[in-house]
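# Structure at a glance
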Amino acid sequence: MKVDVVTIFPEYLSPLDLSLIGRARAAGVLDVAVHDLRQWTHDVHRTVDDSPYGGGPGMVMRPEPWGEALDALAPPGPDGSARLVVPSPAGVPFTQSLAHELAAEPRLIFACGRYEGIDQRVLDDASRRMPVNEVSLGDYVLFGGEVAVLVILEAVVRLLPGVLGNADSLVEESHAEGLLEAPVYTKPPTWRDLPVPEILRSGDHGRIARWRRDQSLLRTARRRPDLLAGPAAAALDRRDRDVLLDTGFQISPGDMAE
Ligand code: JD8
């Protein structure tokens, strides 16, 4: 996968040199280039922002440097394999399924906005020649798109073949199945008078799997009941529903599988 990141704070992306993403780059699984937007400015002050049309607080990122940057990184024409990803509080929620979608792409370009955001015409112009995803990490406000790109890239890169040691762990993990993780434990068997649940030391893998599923169901019902509505509910078997009903969690009839 080829990744380009455009930002006015390139040093914000230095964590991409570390750990598993750094190793994936060294192994050639991933090719990441970080670009300073100001290289596509031409005035002595290397200006990237200007006052908003219609008034209002703050400044807006100028279209011209972005236009030149995207022309350079994704020249109009046959190649067209790139997908533009723009973090924004006004974007669609970033999810594990979108992470899988992006992980299937040969080429991603990330545009990191700052100030009040990027002039909308930059995205409108780019969408004339490449798919554009405006995505949000969640309902809270950041200073800019850089940290969102770090989050999105981590979620995407760990799905690439050859990045995670045992790809099996991808199967069982949270959100892969739409349920939250069960609690995890390691040695010592008792810590500060807190014991590890006996069942986990029983060696009875059938009962352990059931215990973990029940914990996932109960946690999900308590913390993310939204995840148990709609299609996820249809994936629940009779035993699952009994576990939830015992806790008083109501599964709406409409969500019940036939
Ligand atoms: C990109 C500029 C700051 C946002 C005025 C504060 C994502 N989940 C998320 N929250 N915030 C962002 C995000 C914030 C950004 C930019 C993403 C570019 N800002 C702006 C509008 C209000 N300031 C985000 N993904």
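Residues numbered from 1 in each chain as written. Predicted model: local features only at pLDDT ≥ 70, side-chain atom pairs only at ≥ 80, totals over all residues. Heavy atoms only, no water.

### Section: the packing of helix H3 (residues 96–103) against helix H5 (residues 146–157)
The N-to-C vectors of H3 and H5 enclose an angle of 70°; their axes lie 8 Å apart at closest approach. Compared by their axis directions, H3 and H5 come out roughly perpendicular. Touching Ala-99, Leu-102 and Ala-103 of H3 are Ile-152, Ala-155 and Val-156, all from H5. For the contact of H3 with H5, the class distribution of residues is 6 nonpolar, no polar and no charged. (Axes fitted to C-alpha atoms, helices over the stretch in contact; angles between N-to-C directions. Helix = DSSP H or I, 4+ residues; strand = E, 2+ residues; numbered from the N terminus. Parallel < 35°, antiparallel > 145°, perpendicular 65-115°, else oblique. Contact = heavy atoms within 4.5 Å. Nonpolar A, V, L, I, M, F, W, Y, C, P; charged D, E, K, R; others polar.)

### Looking at the nonpolar core
In this structure, Val-3, Leu-30, Leu-102, Leu-108, Phe-110, Val-156 and Val-157 are the most contacted members of the largest nonpolar core, which totals 29 residues. Elements that contribute at least two residues to this core include exactly strand S1 (2–7), helix H1 (19–26), H3, strand S6 (107–111) and H5. Counting residues per element, this core draws most heavily on H5, which supplies 7 residues. In contact with Leu-102, other than residues within four places in its own chain, are Met-1, Arg-83, Val-85, Phe-94, Leu-108, Asn-133, Ile-152 and Val-156. Core analysis: the second largest hydrophobic core is formed by 21 residues, Leu-84, Ala-111, Val-122 and Leu-123 among them. (Core = buried A, V, L, I, M, F, W, Y, C linked by side-chain atoms within 4.5 Å. Buried < 20%, exposed > 50% of the residue type's maximum accessible area, 1.4 Å probe, protein only.)

### Examining the pattern of salt bridges
Under the definition given, this model contains 16 salt bridges. Of the charged contacts in the structure, one is a salt bridge between Asp-125 and Arg-128, with a shortest N-O distance of 3.0 Å. A residue is classified by how much of its surface remains accessible, and Asp-125, at 28% relative accessible area, is partly exposed. Asp-214 serves as the salt-bridge partner of Arg-210, at 2.9 Å between the closest nitrogen and oxygen. Here Asp-214 and Arg-210 lie together in helix H7 (residues 205–223), a separation of 4 residues that amounts to about one turn. Among the ionic contacts, a cluster of salt bridges with common partners joins Arg-210, Arg-213, Asp-214, Arg-239 and Asp-240. (Salt bridge = Lys/Arg side-chain N within 4 Å of Asp/Glu carboxyl O.)

### What to know about the site of the ligand
Taken together, 18 residues lie near the ligand, and Tyr-115, Glu-116, Gly-138, Tyr-140 and Leu-142 sit nearest. Between the ligand and Ser-88, the relevant distance is 3.4 Å, taken from a nitrogen atom to a main-chain nitrogen or oxygen of the residue. Within the complex, 85% of the 530 Å² of free accessible area of the ligand lies under protein. Residue assignment for the shell around the ligand shows that the elements contributing at least two residues are strand S5 (82–93) and strand S7 (132–136). The biggest single contributor to the shell around the ligand is S5, with 3 residues. For the shell around the ligand, a count of residues per class yields 10 nonpolar, 6 polar and 2 charged. (Near = heavy atom within 4 Å. Polar contact = N/O pair within 3.5 Å; in protein donor to acceptor, adjacent residues only side chain to side chain. Areas by Shrake-Rupley, 256 points an atom, 1.4 Å probe, with all protein chains shown as cover.)

### Some details on the pairing of strand S2 (residues 31–36)
Summarising the sheet, S1 and S2 pair through 6 bridges and their orientation is parallel. Residue pairing for S2: Lys-2 is matched across the bridge by Asp-31. Remark: the S1/H1/S2 crossover connection has right-handed handedness. (Pairing = 2+ DSSP bridges. Right-handed = clockwise from strand over helix to strand, strands pointing away.)

Remember, this is a structural readout, not a statement about activity or role.
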